[in-house]
Amino acid sequence: MKKRSITLYINGEEYSISVDVSDTLNHVIRNQLNLTDLKHCCGRGECGACTVLVEDDRYPTGRKSIDSCMVLAAMMDGKRITTVAGLEKKGKLHPVQEAFVEKGAIQCGFCSTGMIMKSVDILENNPKAKEAEIRAGLEGNICRCTGYTKIVEAVKQAGEVMAAKK
Amino acid sequence: MSNSRILPEFELLAPKSLDEAIDMAAQYGDRAAVLAGGTDVMIMLQKGAIKSPYIIALGDIAGLDYITYSKGEGLRIGALATAWQVTQDSKIKKNYTALWQAASTLGSPQIRNAATIVGNVLRASPSGDCSCALLALGASVVLKSTAGERVVSLDEFFIDYGTINRTASEIAVELRVPPAAESTRSAFMRMTRMNFDLSKVNAAVCLEMKGRKCTSARIAMGAVAPTTLRIKKAETMLAGATVNDTLLAELAAAVPRQVKPIDDVRSTAEYRRTVSGILVKRVVQAACAA
């Protein structure tokens, strides 16, 4: 087949579309669905800027972080996917988003959406994650601007907020 | 015009069962490439290293992501089992430590959530971390076609750079690793610039130990030859020997003569040759300390 009809659930919304089989999930979300909060960067699974969360019941949190440039949209039929626009709840930013803003962890912003998605994943698994665990979890996300210091501080702060809420 | 349209055109085949996939492999042969986790194939498609007009994607087949272990049968890893799954498996960490260590450093956390161990072996990169660990552990790959099933030891699987013991009509369905004994110790180590990068050199050992005496050894290295390599001279030196500083020094001196590294973007032949012996020494020490 050259085209496939699929349904994607992105940030709780249902999208039933026909995709080119050679399009990545990243391309379909950005260019076909015009959800450009998701970024396209290296296209090779090296930078993590395109990180999304995809449902997977083998994982403790029910979802896993993947590089959206590394999967075919045609193979994601029926999947529930979260991008950064799906983090806010009723106009209130997610603790990770708030912490990134407060701590100055965003410079050019290009890595930020992927960095935030992966940070959410780390903290959902362990809101009390210490620096070494945070840095290990973020190994797949590259930042050219910040030197990571403020990013790690932001994740720690967000972790404290999320742990307190539990 | 969008630059996130990064793949060439192809026809997608999405079988719902292994039998269907095998029939497709028979029908399309070398006109089809097989896609599992995608973390290698997607990049090869972009680069033009894979030009197949057909892609057989295994992702819709249920039940291929198993990892099973028993003391009698050993370890079986299904075609869609990911590196992440291996890192979560305490039996693998204990009994097949080298594989657990190799899977733990594969790529990045996101890559590990998608990349399959079988796919890593089929890619047969000479610097492949899981290939190195699995060669030391004595693993075999199970290849299925319409003609039946072949179980190929990794000793016979990596034939030359870019050449594996697989015909286009076969699909790799499983990796098998023999049962580990109480006396089995294994370890894996790599040298790299940063975690994401491919290994400059890597090494894995699987030892049968009686106290400080090694009764048998399998040693594998990567990125020092056109394929992942067994270092048989070092294995002979270890077999029946007591592991002490003298033996370790002899090993470190002997290994550089057994490897055939080249210069490439990641390292030089000289560097690889120089560190190869030290890396094998350290990985033997790590296995013995386990």
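I will try to describe carefully the structure that is included in this document. (Residues numbered from 1 in each chain as written. Chains lettered and ligands numbered in written order. Predicted model: local features only at pLDDT ≥ 70, side-chain atom pairs only at ≥ 80, totals over all residues. Heavy atoms only, no water.)

### Some thoughts on the packing of helix α5 (residues 97-104) of chain B against helix α8 (residues 129-136) of chain B
Residues and elements named next belong to chain B. Put simply, the test is: Inter-axis angles, ranging from 0 to 180 degrees, are taken between N-to-C directions of lines fitted to C-alpha atoms, where helices are fitted over the stretch in contact. Strands here mean DSSP runs of E at least two residues long; helices mean DSSP runs of H or I at least four residues long; both are numbered from the N terminus. Orientation is classified from the angle alone, with under 35 degrees giving roughly parallel, over 145 giving roughly antiparallel, 65 to 115 giving roughly perpendicular, and any other angle giving oblique. Throughout, a residue-residue contact means that at least one pair of heavy atoms, one from each residue, lies within 4.5 Å. The nonpolar class holds Ala, Val, Leu, Ile, Met, Phe, Trp, Tyr, Cys and Pro. Asp, Glu, Lys and Arg form the charged class, and all remaining residues, Gly among them, are polar.
For the pair α5 and α8, the least separation of the axes is 8 Å and the interaxial angle reads 180°. The angle between the axes of α5 and α8 places the two elements in the roughly antiparallel class. The segment α5 lies against α8, with Ala98, Leu99, Ala102 and Ala103 engaging Asp129, Cys130, Ala133 and Leu134. Its residues assigned to classes, the contact of α5 with α8 comprises 7 nonpolar, no polar and 1 charged.

### Section: empty space enclosed by the protein
Residues and elements named next belong to chain A. Inclusion rule: Cavities and pockets are defined on a 1 Å grid built over the protein atoms alone: a cavity is a set of grid points where a 1.4 Å probe fits but cannot escape, while a pocket is an open set with protein on both sides within 12 Å along at least five of seven lines, and lining residues are those with an atom within 4 Å of any such point. Grid points are joined across faces, edges and corners, and a volume is the space filled by probe spheres set on the points.
What the rule picks out here adds up to 1 cavity of 30 Å³ or more. Of the voids in this model, the largest cavity is the one considered here, and its volume is about 40 Å³. Lining the largest cavity we find Asp37, Leu38, Ala49, Thr51, Thr83, Val84, Thr113, Gly114 and Met117. Take the lining of the largest cavity: its biggest share by element is 3 residues, from helix α3 (residues 112-125).

### Remarks on the interface of chain B and chain A
Put simply, the test is: Put simply, buried area is the surface a 1.4 Å probe can reach on two separate parts but cannot reach once they are joined, added for both. Whenever Lys or Arg places a side-chain nitrogen within 4 Å of a carboxyl oxygen from Asp or Glu, that contact is recorded as a salt bridge. Whenever a nitrogen or oxygen atom comes within 3.5 Å of another N or O atom, the pair is scored as a polar contact, on the condition that within protein one atom can donate a hydrogen and the other can accept it, and that pairs from neighbouring residues in sequence are kept only if both atoms are in side chains.
In this assembly, 33 residues from chain B lie in contact with 37 residues from chain A. With both chains or domains summed, chain B and chain A bury close to 3000 Å², and 56% of this area falls on carbon and sulfur atoms. On inspection of chain B and its partner chain A, the count reaches 4 salt bridges. With a closest N to O distance of 2.8 Å, Arg58 of chain A and Asp65 of chain B form a salt bridge. Summed over the shared surface of chain B and chain A, the result is 13 residue pairs in polar contact (both at pLDDT 80 or more). The set of elements that each furnish at least two residues to the side of chain B that touches chain A consists of β1 (11-13), α2 (41-47), α3 (83-87) and α6 (109-112) of chain B.

### Some words on the sheet that holds strand β6 (residues 140-145) of chain B
Pairing between the strands of a sheet is mediated by backbone hydrogen bonds and can be parallel or antiparallel. All names here are of chain B. Stated formally: Strands qualify as paired when DSSP identifies two bridges or more between them.
Pairing is antiparallel across the open sheet formed by 5 strands, whose spatial order is β4-β5-β10-β6-β7. The outermost strands of the open sheet, each flanked by one partner alone, are β4 (67-70) and β7 (148-153). When the angles between neighbouring strand axes are averaged without regard to direction, this sheet yields 20°.

### Quick word on the packing of helix α2 (residues 95-103) of chain A against helix α5 (residues 149-165) of chain A
Residue and element names in this part refer to chain A. Rules: In a left-handed crossing the near helix is turned counterclockwise from the far helix by less than a right angle, and in a right-handed crossing that turn is clockwise.
Contact pair α2 / α5: the axes reach a minimum separation of 8 Å and the direction vectors enclose 140°. As far as their axial angle goes, α5 and α2 are oblique. Crossing hand, α2 versus α5: right-handed. Contacts between α2 and α5 involve Pro95, Val96, Ala99, Phe100, Glu102 and Lys103 on the former and, on the latter, Lys150, Ile151, Glu153, Ala154, Val155, Gln157, Ala158, Val161, Met162 and Lys165. Residue composition of the contact of α2 with α5, grouped by class: 10 nonpolar, 1 polar and 5 charged.

### Focus on the environment of Gly159 of chain A
All names here are of chain A. Put simply, the rule is: Relative accessible area decides the class of each residue, using a 1.4 Å probe on protein chains only: under 20% of the type maximum gives buried, over 50% gives exposed, and in between gives partly exposed.
Structurally, the position occupied by Gly159 is in helix α5. On the accessibility criterion, Gly159 (1% relative accessible area) is buried. Remark: the alpha-carbon pair of Gly159 and Ile10, spanning 149 residues in sequence, is separated by 25 Å. Every residue in contact with Gly159, bar those within four places of it in the chain, is listed here: Leu123 and Pro127.

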